[in-house]
Amino acid sequence: MGDMFRSEEMALCQLFIQPEAAYASVAELGELGCVQFRDLNGEVSSFQRKFVTEVRRCDELERRIRYVENEMRKDDIEMPKLDEDNEPAAPNPREIIDLEAHLESIETELKELSQNAVNLNVNYNDMSELKAVLENTESFFDDKEILNLDTNRYVDPNDVNAQQQRGQLGFIAGVIKLEKFFAFERMLWRISRGNVFLKRSDLSGMLKDPETGNPVLKTVFVAFFQGEQLKQRIKKICSAFHAAVYPCPSAHQERVDMLKDVSTRLEDLKLVLNSTADHRNRVLVSAARNLPAWTVSVKKMKAIYHTLNMFNMDVSNKCLIGEGWVPLNDFQTVSNALARGSKLVESTIPSFVNIIETHEQPPTFTRTNKFTNGFQNLIDSYGVASYREANPALYTCITFPFLFAVMFGDLGHGLILFAFALYLVIRENELRKIKGEIFQLFFGGRYIILLMGLFSLYTGFIYNDVFSKSMNIFGSSWRARYNTTTVLDNPNLQMNPEYHVEGVYPMGLDPIWQLGDNKIIFLNTYKMKLSIIFGVLHMIFGVCMSLVNYTHFKRRVNIIMDFIPQIVFLVLLFGYMVFMMFFKFVKYSAKADEQALTPGCSPSILILFINMMLFKHQEPLDGCEEYLFEGQDMIQTVFVIIAVICIPWMLLGKPLYIMCQRKKQPAVHHTNGDVENNAVKPAPSAEGGHGGHGHENEPMGEVFIQQAIHTIEYVLSTISHTASYLRLWALSLAHAQLSEVLWNMVMHMGFVPIDYVGGVIIFFMFGAWAVLTFGILVLIEGLSAFLHTLRLHWVEFMSKFYEGLGYAFQPFSFKAMLNEVEE
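Residues numbered from 1 in each chain as written. Predicted model: local features only at pLDDT ≥ 70, side-chain atom pairs only at ≥ 80, totals over all residues. Heavy atoms only, no water.

### Looking at the overall build of the protein chain
Within the protein chain one finds 25 helices and 11 strands. Burial statistics for the protein chain: of 823 residues in total, 44% are counted as buried. Here the contacts in the protein chain between residues at least 6 apart in sequence split such that 80% fall between residues at least 24 apart. Within the structure as shown, the protein chain displays about 43700 Å² of accessible surface, and the carbon and sulfur contribution to it stands at 59%. (Helix = DSSP H or I, 4+ residues; strand = E, 2+ residues; numbered from the N terminus. Buried < 20%, exposed > 50% of the residue type's maximum accessible area, 1.4 Å probe, protein only. Contact = heavy atoms within 4.5 Å. Areas by Shrake-Rupley, 256 points an atom, 1.4 Å probe, with all protein chains shown as cover.)

### Quick notes on the side chain of Ser546
Mapped onto the fold, Ser546 is located in helix α18 (residues 519–552). When neighbours within four sequence positions are excluded, Ser546 is seen to be in contact with Phe563, Lys800 and Phe801.

### So, the pattern of salt bridges
On inspection of all chains with the given rule, the structure shows 30 salt bridges. With its nearest N and O atoms 2.7 Å apart, the salt bridge here joins Glu8 to Arg367. Within this pair, whereas Glu8 is found in the segment before β1 (10–17), its partner Arg367 is found in the loop between β11 (352–355) and α11 (372–382), the two being separated by 359 residues in sequence. Salt bridges here are not isolated pairs; linked through shared partners, they connect Glu60, Arg63, Arg64, Glu107 and Lys111. (Salt bridge = Lys/Arg side-chain N within 4 Å of Asp/Glu carboxyl O.)

### Focus: empty space enclosed by the protein
Following the criterion strictly, the structure yields two cavities of 30 Å³ or more and no others. Of the pockets and cavities examined, the largest cavity occupies roughly 160 Å³. Forming the boundary of the largest cavity are 17 residues, of which Tyr463, Asp465, Gln514, Lys519 and Leu523 lie nearest the centre. Looking at the lining of the largest cavity, the elements that each hand over two or more residues are α18 and α23 (727–745). Its residues assigned to classes, the lining of the largest cavity comprises six nonpolar, five polar and six charged. Quantified by volume, the second largest cavity comes out at close to 30 Å³. Every residue along the wall of the second largest cavity is listed here: Phe461, Asn464, Met471, Ile473, Phe474, Tyr505, Met507 and Leu509. A class-by-class count of the residues in the lining of the second largest cavity yields seven nonpolar, one polar and no charged. (1 Å grid on protein atoms, 1.4 Å probe; cavity = no way out; pocket = protein on both sides within 12 Å on 5 of 7 lines; lining within 4 Å. Points joined across faces, edges and corners; volume = space filled by probe spheres on them. Nonpolar A, V, L, I, M, F, W, Y, C, P; charged D, E, K, R; others polar.)

### Concerning the sheet that holds strand β3 (residues 170–177)
Taken together, the four strands give an open sheet; going across it, the order is β4-β7-β3-β8, and neighbouring strands pair in antiparallel fashion. Either end of the sheet is taken by a strand with one partner, and the two such strands are β4 (197–202) and β8 (244–246). On average, each strand axis in the sheet is tilted by 25 degrees relative to the strand beside it, whichever way the strands run. Both β3 and strand β7 (residues 218–225) contribute to a ladder of eight bridges, which runs antiparallel. By the bridge assignment for β7, Gly170 is matched with Phe225. Along the sheet, helix α3 (residues 95–136) contacts β3, β4, β7 and β8; its crossing angle with β8, the most-contacted strand, is approximately 60 degrees. Contacting β3, β7 and β8, helix α8 (residues 228–240) runs over the sheet at an angle of about 165 degrees to β7. (Pairing = 2+ DSSP bridges. Axes fitted to C-alpha atoms, helices over the stretch in contact; angles between N-to-C directions.)

### Focus: the nonpolar core
With 71 residues, the main nonpolar core has Phe569, Leu570, Phe574, Met577, Met580 and Leu728 as its most contacted residues. The element best represented in this core is helix α19 (residues 556–587), accounting for 11 residues. Contact partners of Phe569, with chain neighbours within four places excluded, come to Ala643, Cys646, Ile647, Tyr714, Val715 and Thr718. Counting 49 residues, the second-largest nonpolar core is a separate cluster that includes Ala90, Leu113, Ala288 and Phe814. (Core = buried A, V, L, I, M, F, W, Y, C linked by side-chain atoms within 4.5 Å.)

### Considering the environment of Ile97
Within the secondary structure, Ile97 is located in helix α3. Put simply, Ile97 and Arg57 are 40 residues apart on the chain and 10.0 Å apart in space, counted from C-alpha to C-alpha.

### A look at the environment of Phe814
Along the polypeptide, Phe814 turns up in helix α25 (residues 814–822). Residue Phe814 is classed as buried on the basis of its relative accessible area of 1%. Remark: the alpha-carbon pair of Phe814 and Met301, spanning 513 residues in sequence, is separated by 10.0 Å.

### A look at helix α16 (residues 446–463)
If you check α16, its first and last C-alpha atoms are 25 Å apart, about what 18 residues at 1.5 Å a residue would give, namely 26 Å. Of the residues trailing α16, Asn464 is marked for its positive phi of about 55 degrees. (Expected span 1.5 Å × (residues − 1).)

### Examining the packing of α18 against helix α22 (residues 700–724)
Packing of α18 against α22 brings their axes to within 10 Å, and their N-to-C directions diverge by 145 degrees. Note on element contacts: α22 touches α18 through Tyr714, Thr718, His721 and Thr722, opposite Ile532, Val536, Met539 and Val543. When its residues are assigned to classes, the contact of α18 with α22 shows five nonpolar, three polar and no charged.

### Notes on a nonpolar patch on the surface
Residues Leu738, Leu772, Phe774, Ile776, Leu779 and Ile780 make up a contiguous nonpolar surface patch of roughly 490 Å² in combined accessible area. When residues in the nonpolar patch are grouped by element, the largest group, five residues, is from helix α24 (residues 756–797). Residue class for Ile776 comes out partly exposed when judged on its relative accessible area of 33%. (Patch = residues over 30% accessible without salt bridge, like charges linked within 9 Å, V, L, I, M, F, W, Y side chains within 5 Å.)

### Some words on the packing of helix α12 (residues 393–407) against α18
Between α12 and α18, whose axes approach to 12 Å, the crossing angle comes to 165 degrees. Taken together, the axis directions place α12 and α18 in an arrangement best described as roughly antiparallel. By crossing handedness, the relation of α12 to α18 is classed as left-handed. In contact with Tyr395, Thr399, Phe402, Leu403 and Val406 of α12, α18 contributes Phe534, His538, Phe541 and Met545. Residues that form the contact of α12 with α18 fall into these classes: seven nonpolar, two polar and no charged. (Parallel < 35°, antiparallel > 145°, perpendicular 65-115°, else oblique. Left-handed = near helix turned anticlockwise from the far one by under 90°.)

### Things to note about the packing of aromatic side chains
A full pass over the atoms with the stated rule returns 41 aromatic pairs. With centroids separated by 4.9 Å and ring planes inclined at 20 degrees, the aromatic side chains of Phe16 and Phe352 adopt a geometry described as stacked. One end of the pair, Phe16, is in strand β1; the other, Phe352, is in strand β11, and 336 residues separate them in sequence. Under the relative-accessibility criterion, Phe16 is labelled buried at 17%. Among the residues examined, Phe352 registers a relative accessible area of 44% and is labelled partly exposed. Among the aromatic residues, those joined into a cluster by ring pairs are Tyr382, Tyr395, Phe541, Trp794, Phe797, Phe801 and Tyr802. Positioned above the aromatic ring of Phe51, the side-chain terminus of Lys50 is 5.9 Å from the ring centre. Just above the ring of Tyr67 sits the side chain of Lys111; from NZ or CZ to the centre is 5.8 Å. (Phe/Tyr/Trp six-rings, centres within 6.5 Å; stacked < 30°, edge-to-face > 60°. Lys NZ or Arg CZ within 6 Å of the ring centre and 35° of its normal.)

### Remarks on the confidence of the model for the protein chain
Counting all residues, the mean pLDDT for the protein chain is 85, and 88% of those residues have values of 70 or more. Taken as a whole, residues 150–155 scores under 50 in pLDDT and shows 12 contacts with residues more than four places along the chain or in a different chain. A low-confidence stretch, residues 668–693 stays under pLDDT 50, and its non-local contacts, those more than four residues away or across chains, total 77 contacts. (pLDDT = per-residue confidence, 0-100.)

### Digging into the environment of Asn524
Along the chain, the position of Asn524 falls in helix α18. Residue class for Asn524 comes out partly exposed when judged on its relative accessible area of 25%. For the pair Asn524 and Ser732, spaced 208 residues apart in sequence, the C-alpha to C-alpha distance is 9.6 Å. With residues near it in sequence (within four places) discarded, Asn524 still touches Trp729 and Leu733.

### A short note on the side chain of Thr399
One can find Thr399 in helix α12. Since its relative accessible area comes to 18%, Thr399 is described here as buried. Setting aside chain neighbours within four positions, we find Thr399 in contact with His538 and His793.

### Some points on unusual backbone geometry
The phi torsion at His242 lies on the positive side, around 55 degrees, for a residue other than glycine. Looking at the element boundaries, His242 is found in the loop between α8 and β8. Taking relative accessible area as the criterion, His242 reaches 54% and is therefore assigned exposed. The backbone of Lys554 shows a phi angle near 60 degrees, a positive value even though the residue is not glycine.

This is how it looks when you write it as structure tokens:
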């Protein structure tokens, strides 16, 4: 689980590695993933670095692998998945030569096979069209209309040339797309002025278009004409319309012989095409077995050389020097990895690592497991914590699902969430391989959903709410003076607290409230007070977390000038209001006590709080008291005065202290408070909340302005944040009422018929109710409650102590790199 209270201590380390052991050592560090390297060659161009040649070789290997993958996708060959357990290690640099030769031979062979397949397909397509021409033009030449075309024309008997040309019709046969034929026919008619006789026959099957490769409808045509000049025009038109022209003998026997020859050649081409496709498939299947491992190996090798390009060569060119951030807990692990790298290449000079001093702010690294990772991601989405400041993710593991459950308090809906998350948790090893974006969102937060469902079961039990119905487990504690008929048949039954004579209900809400017409009034006040109580406690906890930050960074001035006035201001005003709620609950009851207090005349907490802030009084009703206890007026006055004093205390305390310190020690540069600079764990600028920056170099005017902004923001936000927690009441009430409306308007209608038809109706009503419940109340309402809970943590809770100005620790890790590539 790691140290979840705050981020781990980091150290800036310097690595001295021998050149022959550099590759193996960095490969070991990549497998561990615990060093964030710094680029020591920032001023050097990428093309001038030491290992640029090796990076280019890896780029070329990646290009060849992508080519093979594209060819596999063309043939619908599925690449096998690589198990994490069988993931190959970073290859030896000498292995790159064999891999290059192997991939080059595969690429060359595939290119030759692809080119041969293209040529064979073109020939096959041409032969298929020629065969279609020979088969479909047979009827054209036997047509009497064609035979008598020339004899029906009048010819001058004295014209010898015209007599010789009788019966000598020329023709052109070919294939054209059916969609272009009508425009083609119209163009031939125009250029020949009607002297071309065109016949066509549509092909029944689809032929492949040589340009696009898509199947298209085509038709065979024969154009009869006279004269050489018209023949040249027709050829030009055929070329313009991309019509394929094929030789077609005029004699019947010649066409028969030619058709036999074309059919034989087509069969031969088909055999060659099939054998080429089989050979290509065998090559791709053979490559697919090793392609995932090759991909991982090349990516690891490329990442290693990219990392080595960040290293510097010492003046003697005998040692590579690198720098990087390392968690102190992993320092010995890094040292052991360097030793293993030197041992693998049998280096005589060992590599070593040492810690160097720096004033830079280290990255933030919080070690998590699969349970805490989801909650840590929620916090990091707001902002990565400053180095070593208090981490709210640890407390969010409980407060987040609890506040969600306060708004989502339904035992039935919580059971749906819990069952869904439990399924994801139990089968997480199988479901982790599913790469859908939406599914991965739910899968990554499976433990958050699990706790949200579990806490919703608890709050639903407390609210006694199961799909808007109540459970009668302990029996009701109410005793009414009405008879059974009056209670069950009264449409406007009002639950009078005066007759609550059997004591307090053992756990949660009494199920009798389900019958009461004033249930909404009771739940309204109950959930409103709960939201204020939880909100004030949550904010007090947030302010106390700032004390944890100040104590850790030894900022005593912040404890005195910030924390104490903040907590006093919050507790004396809103903490006192929470106290009045509990005191009123203990002191007053529905019945008149021995002091003859009139039932229902207890003071209003809201009116008391408003009068307290305005220093006003309000005359109570007859037989009632204005205050909850004696001396309350004086105590409230003192509380308000102290709270008002806290405002200038926060506003002027720290700036005046800084001013006095500067006058005492004008020549000494100091940080805010008594912070000590440390090379390994320098104190960050986080002081909790806003305005926590160091003031050693700032003018006093800016110090006063920053503190004024911080004070105004805290005082105003204390009021607005307390009101913001009322969303717990509003969403909980809305969720319960929407669930009740859905039951009464949909599910209840299935219970109305009492005959056999009612059994069919209730079946469909249950289906509609289940779909609406899951879609609206679980998904939409659940998402709404989730977002409101997220806002309460980000704004109302974390703003009290969390600065979030750090940057994440991003180590050189093969696992993280491959996961990013998959995403």
